[in-house]
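# An overview of the molecular structure
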Amino acid sequence: MYSIYRQVFKPCGVENSVYCNFTSLQHKVLIISAASQLTIYKLKDKYQNATEEELTENYQNYGSSSFDGVLEQVGTWSLFGNVKSMKSISMGDGQLDLLLLSFFDGKLSVVEFDLEAYDIKTSSIHYFEESIAQHGMLQNCSTPQIAVDPDNRCAAMLLNNFSVAIIAFQPQEGLLISDLTTHQNSPTKKVTSYDINLKDIDAKTQRVIDIEFLHGYYEPTLLVLYEAPITWSGRVSTRQDTCNIIAISLNTSEMTHPIIWSLNGLPYNCLQVHAVPKPIGGVLVFATSSVLYLNQSVPAYGVSLNGTTKGSTSFALRKQEKVCLQLHGCRVTFLSTECLLVCLANGELYVMTMKTDNMRSIRALNFQSVGTSVQPTSLTAIGNDFVFVGSRLAFPQLIRNFKRSGTETPPRIDDVLSSSSSPTTTNNNDDPDEKSEDNKPDDPKSEEKKSEEPAAAPVIEEKMEVCDELDLTMYGEESKDSNNRTAHHFITCDSLVNIGPCGAAELGSNYNISDEFANQQETSLELVVLSGHGNNGSLSILQHTLKPQLATSFSLPGCDDMWTVYARDGGEGEKDHHSYLLISREDSTLVLKTCHTEITEVEESGYTMDEPSVFVGNLRSGIVLQVCTASASLLDGTRLLHKINIELDSPIQHCSMDDPHAVLLTANGNTVQLSVIKDDDGLEYRLECSKLFIPQFPPITSVCIYCDRSSMFTTYDSRQQQSTFKPAATTKSEPMDDLNISQQREDIKFVANLRNSSYTDVDDEDELLYGSSIKKEEDQPASPPPTINTPPDTTEYIADELPQQHQSEKTYWLVVIRKNVHLEIYNLVTQKLAFAVPNFAYGRQVLIDCSANYELEKTEPFDNSDTDTECNVLEVCMVGLDKDGQYPYLMARQRDQVLIYKVYSFENTKNYIVNQGLKVRFKKIDHGIMMRKPSSLGDFGDPSSFRPCFRLFNNINGYSGAFLCGPYPHWIVATSRGSIKCHPMNVDGRVSSFAMFHNVNCSHGFIYFNRQSELRIGKLLPKMRYDTDWPMRNISLGCTGHFIVYSIEHKVYTLVTSTMEECKRLPYLNCDNTKDFEDLERDESFIYPRINRFELKLITPQTWQSVPNTSIPLEDFEHVTCMKNVWLVPSAHTTIRNNYVAVGTSHVMGEEMCSRGRILIVEVIEVVPEPGKPHTKNRFKNIYSEEQRGPVSALCGVEGNLLTAIGQKVFIWRFDSDGSLRGLAFVDTNTYITQALNFRSFAIIGDIQRSITLLRYQEEFKTLAVLSRDVKPMEVYCVDLLVADKNCSFVATDSEKNLSYYQFEPQAVESHGGSRLVKRGDIHVGQNVNCMWRVGTVQMDRATGVTNDTYATCHMTMMGTLDGGISSIVPVAEKLYRRLTMLQNYLYTSSPHTAGLNPKEFRTAKSKVKSLSNPVRCVLDGDLLWRYHNLTKVAKHELARKIGSTREQLADDLMELHRSTCVM
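Just so it is clear, the model here is predicted, and its values are computed rather than measured. (Residues numbered from 1 in each chain as written. Predicted model: local features only at pLDDT ≥ 70, side-chain atom pairs only at ≥ 80, totals over all residues. Heavy atoms only, no water.)

### Observations concerning the overall build of the protein
In terms of helices and strands, the protein carries 11 helices and 94 strands. Residues counted as buried form 59% of the 1464 residues belonging to the protein. Restricting to contacts in the protein with at least 6 residues of sequence separation, those with at least 24 account for 61%. Accessible surface for the protein amounts to roughly 59500 Å². Of this, 46% is attributable to carbon and sulfur atoms. (Helix = DSSP H or I, 4+ residues; strand = E, 2+ residues; numbered from the N terminus. Buried < 20%, exposed > 50% of the residue type's maximum accessible area, 1.4 Å probe, protein only. Contact = heavy atoms within 4.5 Å. Areas by Shrake-Rupley, 256 points an atom, 1.4 Å probe, with all protein chains shown as cover.)

Shown next as structure tokens:
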């Protein structure tokens, strides 16, 4: 069996973060890594100096569409490897910082940001696998930590328990790290690397704990914290203080490394070291129960943080008063040279201040509690005021530090965060955390001023008398007020979405789905995932496709297009309500009034109703502009203000408007400009028609007006640009492909209107892309004179006539597509060309301005018979998708795909000649929209293909963006972070027209026509978030969720949750061999252990709250190990099966007591609900509860019976007549079963060590037997099935982050007569998979009505990972597998991969234990194959030719997979 694996939801659990000048020298950015995902953010300028009230009010809207993110996304990249550690290093003045990424198996990549390509490129790669495998090591369990020298001279990476790799950055004149950076005049550094065996330096080294570079040394000095000999908590009484440090001076040129400082006898539980910046210097060592300050020149200083240090260490520690905490799992970052922020494993925040004397010796370490955040995995200071808290167990948070001076108690972050720190959606039961308004600064301006002051001298408890002027000069004056301490006040101002760790998941029916879509089995489902941990535990409700909530629907055939407008005075409704709905028909226009509760037809109005409308829209003043095929009208409500007849050779086909301008495009490619101006001669507003002085040949096929509000669309100095053109003869050249394949093919013909030039200093990249022809000055005509009908109110936009300080913030631009291929951008006022891209339709990765050497063809008839119709640009749209228009995007629609480009600022400083256009470039976005129709339809005619399909909206439930009409409609939603999210809406098939709709019955909704010509009015679900990869909703639980099952009959969820509580008594067996408890009484400095208290809950999807009075608490020290939804025969007198919830538990009470378990079976029943509470109609009914002789570790139902794994045995139970369970059969497996899955009379069990086993139960013989098993060792995490028609495979995931599937094939030789399962496929997922579920594929394409014959009998197996990602695996046919395998092999070597990682090596199954078997590799890498869609046309054509296929065939294969797996 062959299959394809693909990640459908990107991992979002943050593990590493760094703040550096990676993309710009002016602004630092925050870089975070989540498994294999790398994302870059930057702080928005308007929040740099925001007040506490502004940040608090903004964060209160988190989870709703009105939230404005403080972090702005720069870009995101998917890697073929998991980032284990990440650091930045500065390359000196005028150079961007480099990023060091470490991976397992001794891999380190040095990457930099390419400003021209707006992409990450690899600077160097380093590989140390041979060093890891030395000295007889079979496996490496160390995390490859990276440490960077404070003076940026070198870096170090931990390889294994006693080896360190050194990456040296040696200065070298003339060698450039990046040839594409804009700052190339500064000398850079040469990168070399080697490794050090620490055993050669100190033979006692057994396990390196942490490494760090020290400040203030002449040569790079690496401090190594290691343990020798190794001990643990159980041997502290005999072996303690086993940690040591050594400081190694690194001479990277001679590769010598002498020891300059060492210290032994540190506490055994040391965790990490942090170098203290100058002027203090030294190092801080964080242990589980203590903090040590060590310095080579001053005495050591240490404090004890709890009572467990007594008797566990001989190191001299001072007792820290009023502090009782432990630092295991904490994260630390410096706020200043003497102040640190410590985030504990439970999220508690402490500010640790180092107090020094005049000799820079540490006199005290003070801890100040400042509140609670989330469980951290990384902690990064962002400037002087912000701190980013990365987390895998909750929503990563950005917190703001407000500093206050004085002795008053600072407000805590708990005042603005509830007990559940993870933000949730805004609703009655899961409102976002309310912020405290009582703790506000008295004077925000003074507080802001204080926060900007430099750090004061260290605060000291006692005053020192200054008796010597020399001492005062050398050491400075001590603080005069010992009590004037700096108080820190942290508030949460932003959070990132995280659905991890996905501990359990369940499919359920969508409770809020409309009745029109309820019968669609594959799309009426929603996924409920248990996320978070502790107080941040939550439910994540996910939907793959967007499902509107319909208000009404009625049939209205014969409609071509529609628009909604509002009246300036509000008409008879509210002012912002849409008053009229205009529907264009074949020969007329229908006007409907929508301001009432009912929609009625308007028979008499000022609208042109005897012609089909081309465009109708509102100006900002509320005036309505209607454009028909031969006229244009200006109306105020239904009152006609002005109408003009437009006499052209052909009818008007398209109109693009942005107040006060509009551009009309005729069918033969001519353009006309409309302007709305005020008139003093009677009319308030009137229309003026003018001719555009831009070349009309070659014909224009699409236009778009763009009003720039982002200030990005600026041009070079007017003296340097000559933006007028003359038609010239065409020359042909070939573009540079983004793959290194056949760049000079003669059979690929590009029409690039360039001529040869005598200039030799043209940009090399532009010359390769577009040729080297540049216009001569004598060929350039004078600029066209301003049009006579130029509106008088638009003269302020003419940049050539006005000073720079008087220019308006808004600028208007005209985007033009010529011959369906070439892109041009004109200044709408001056009508000068500012940006040009020949062959834009071929979809290059980066669009570079070629206006300096761009010339048009001669006026000749346009014949597109030789062009590729699949690449023709049918529509272009440039718009700022967000509400403020700060993030412009360029979107282009082709027949089978959509091109989306993000605009970014770029100023070319290398070539003076080409600096004649806009200071921007366009970066292609991988959006995931696929809209190719099935090849079986042939030339499928879609009427919407000839009409504008990009429908902009600015307030649909608070969201803004664009809706893509057509056979495969998509929502392109703009997020508050500047990125876009694309959601398919395939529940209603093809959408021919779409418009916003807001009235009294439908608040901020929309209206559209579907495939059946039905007019439907709907809105987005108010409690769903659409600014994520999938539409989702987050419900806070306030506790940890472990298991979840769904009752199909009652449509409720059963959850197992737990809360942490202190354990102050221990169980033991008394003389009667019964369980008793001993109370623990300790002093206040003792930290009690924490245990889980489990509970069974019933959750209703109506409110997503626990049903009152239904919870079942479990006993003390009882842990739930498994829970399943089973169908059992209730008694021996019937064969009807009922649905029950079976729970298996285990009592965990220490090593001295035998572990016991319990089987708990409950049933969900219906009762009479409480008055006014319909969600209380369900209750739990206890059916069975009995203690077992061992822990119940796994269970499932088999043929109406209950299968349980108790200890090392697997039992089959059946209900007896008295309601008890009677054993029918058992089998001894000699293993510890953790997973069990049933299908028919078979069961798959997964072991903690010995892989999976196939069991069979025979009802007639009451026999349970082992049918087959896998003999290779494997620690199983989860098991499920992979179904393809009549074939069934057994899927298993393991602790090595692999996914494997097996088949039972008795006829195969390698199965040894069926006793062994045959492995048929494996792949390295890269993330731990803890839950899996199956769902059927889409049976029919609702856009075309074509049935899905290829995948109709297949199931898609989906899985959730502990890193917050969702993946899927689908079986494929052998013929398709062979074809895509060839494509995959070429993509391995033909395309560049970020950080130099090899996808083939990453997807190869890993194993710590060496085995005599080879990887099967029958699983395709869907993540790599899906990149084929984002390639250029030339790259696609060349790859298809090399594998003996066609571009259309490969596109059909991937599109069919996409359509079949677009479920939920």
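### Thoughts on the pairing of strand β16 (residues 243-249)
β16 sits mainly inside the fold: seven of its seven residues count as buried. Side chains of β16 alternate between two faces, with C243, I245, A247 and S249 and N244, I246 and I248 buried alike. Judged from the seven bridges that link them, strand β15 (residues 221-227) and β16 form a sheet pairing that is antiparallel. Directly across from E227, in β16, lies its bridge partner C243. One ladder, built from five bridges, connects β16 with strand β17 (residues 259-266); its direction is antiparallel. Considered in β17, the bridge of I246 is made with S262. (Pairing = 2+ DSSP bridges.)

### So, the sheet that holds strand β41 (residues 631-636)
Read from one edge to the other, the open sheet built from four strands follows the order β39-β40-β41-β42, with strand pairing classed as antiparallel. Taken across any chain shown, the strands that pair with only one partner, and hence form the sheet edges, are β39 (613-618) and β42 (639-645). Neighbouring strand axes in the sheet, compared pairwise and without regard to direction, differ in orientation by 15° on average. Note: strand β40 (residues 624-628) against β41, four bridges, orientation antiparallel. Bridging across to β41, V624 finds its partner in L635. (Axes fitted to C-alpha atoms, helices over the stretch in contact; angles between N-to-C directions.)

### Some points on the sheet that holds strand β60 (residues 970-974)
Read across the sheet, four strands follow the order β58-β59-β60-β61 without closing on themselves; strand pairing throughout is antiparallel. Two strands in the sheet have a free side with no partner beyond their single neighbour: β58 (950-956) and β61 (980-984). Averaged over all pairs of adjacent strands, the angle between strand axes in this sheet comes to 25°, irrespective of strand direction. The pairing of β60 with β61 spans five bridges and is antiparallel. When the sheet's bridge partners are listed, I972 is paired in β61 with C982.

### Considerations on the confidence of the model for the protein
Residues with a pLDDT of 70 or more make up 84% of the protein, whose mean pLDDT is 83. For the stretch residues 718-808, pLDDT sits under 50, and the model shows 194 contacts to residues farther than four places along the chain or on other chains. Taken as a whole, residues 861-866 scores under 50 in pLDDT and shows three contacts with residues more than four places along the chain or in a different chain. (pLDDT = per-residue confidence, 0-100.)

### Quick look at the packing of aromatic side chains
Per the counting criterion, the structure on display carries 29 aromatic pairs. Their ring planes at 55° and their centres at 5.1 Å tell us that Y706 and F713 sit as a pair that is tilted. Taking the centre distance of 4.1 Å and the plane angle of 10° together, the rings of F963 and F994 count as stacked. One end of the pair, F963, is in strand β59 (residues 959-964); the other, F994, is in strand β62 (residues 993-997), and 31 residues separate them in sequence. You can call F963 buried: its relative accessible area is 0%. We classify F994 as buried; its relative accessible area is 2%. (Phe/Tyr/Trp six-rings, centres within 6.5 Å; stacked < 30°, edge-to-face > 60°.)

### Some words on the side chain of K1297
Within the secondary structure layout, K1297 lies in the loop between β86 (1287-1294) and β87 (1298-1303). Here K1297 sits buried without a salt bridge, and the closest side chain of opposite charge, D1363, lies 5.3 Å off (N-O distance). (Lys, Arg positive; Asp, Glu negative; His and termini not counted. Salt bridge = Lys/Arg side-chain N within 4 Å of Asp/Glu carboxyl O.)

### Details of unusual backbone geometry
Residue P501 is reached from G500 by a cis peptide bond, and omega for that bond is -10°. Tracing the backbone shows P501 in the loop between β30 (486-495) and β31 (504-509). A cis amide bond links F697 with the next residue in sequence, P698, at an omega value of -5°. Along the chain, the position of P698 falls in the loop between β46 (685-691) and β47 (700-708). Despite not being glycine, D241 has its phi angle at roughly 55°, a positive value. Mapped onto the fold, D241 is located in the loop between β15 and β16. For D241, a relative accessible area of 15% corresponds to the buried category. In this structure, K1297 takes a positive phi of about 65° despite not being glycine.

### Some thoughts on the pattern of salt bridges
For the structure on display, the rule yields 49 salt bridges. Residue R818 pairs with E824 through a salt bridge whose shortest N-O separation is 2.7 Å. On the basis of relative accessibility, which here comes to 1%, the residue R818 falls in the buried class. Here R1447 and E1448 are joined by a salt bridge, their closest N and O atoms 3.6 Å apart. Relative accessible area serves as the criterion here: at 11%, R1447 is assigned to the buried category. A residue is classified by how much of its surface remains accessible, and E1448, at 28% relative accessible area, is partly exposed.

### A short note on the side chain of T1394
Along the chain, T1394 turns up in the loop between α7 (1374-1390) and α8 (1399-1403). Given the relative accessible area of 15%, T1394 is considered buried.

### Here's the deal with the nonpolar core
Counting 169 residues, the largest nonpolar core has F840, F922 and W971 as its most contacted members. V616, I644, M657 and L674 belong to the second-largest nonpolar core, a separate cluster that totals 32 residues. (Core = buried A, V, L, I, M, F, W, Y, C linked by side-chain atoms within 4.5 Å.)

### Here we look at the environment of V1463
For V1463, the position within the fold is in the segment after α11 (1447-1461). The exposure class assigned to V1463 is buried, which follows from its relative accessible area of 1%. With 942 residues separating them along the chain, V1463 and Q521 place their C-alpha atoms 9.1 Å apart. With residues up to four places along the chain from it excluded, the contact list for V1463 reads E522, H544, T545, V1335, G1336, T1337, V1338 and M1356.

### Focus on helix α1 (residues 52-60)
Those residues of α1 that fall on the buried side of the exposure criterion are E52, L55, T56, N58 and Y59. Mapping the buried residues of α1 onto a view down its axis gives an arc of 165°, with all of them on the same face. (Arc of directions from axis to C-beta.)

### Quick look at helix α10 (residues 1433-1442)
For an α-helix, the turn length of 3.6 residues means that residues three or four places apart are oriented alike. Burial analysis of α10 places seven of its 10 residues in the buried class, the great majority of the element. Turning to α10, its buried residues number three or more, namely K1433, V1434, A1435, K1436, E1438, L1439 and A1440. G1444, located one to two residues past α10, shows a positive phi value of around 75°.

### Quick word on the packing of α7 against α11
Packing of α7 against α11 leaves a shortest axis separation of 11 Å and a crossing angle of 115°. One element, α7, and the other, α11, form an angle in the roughly perpendicular class. Crossing of α7 against α11: the hand is left-handed. In this structure, α7 contributes L1376, R1379, L1380 and L1383 to the contact, and α11 contributes Q1449, L1450, D1453, L1454 and L1457. In terms of residue class, the contact of α7 with α11 is made up of six nonpolar, one polar and two charged. (Parallel < 35°, antiparallel > 145°, perpendicular 65-115°, else oblique. Left-handed = near helix turned anticlockwise from the far one by under 90°. Nonpolar A, V, L, I, M, F, W, Y, C, P; charged D, E, K, R; others polar.)

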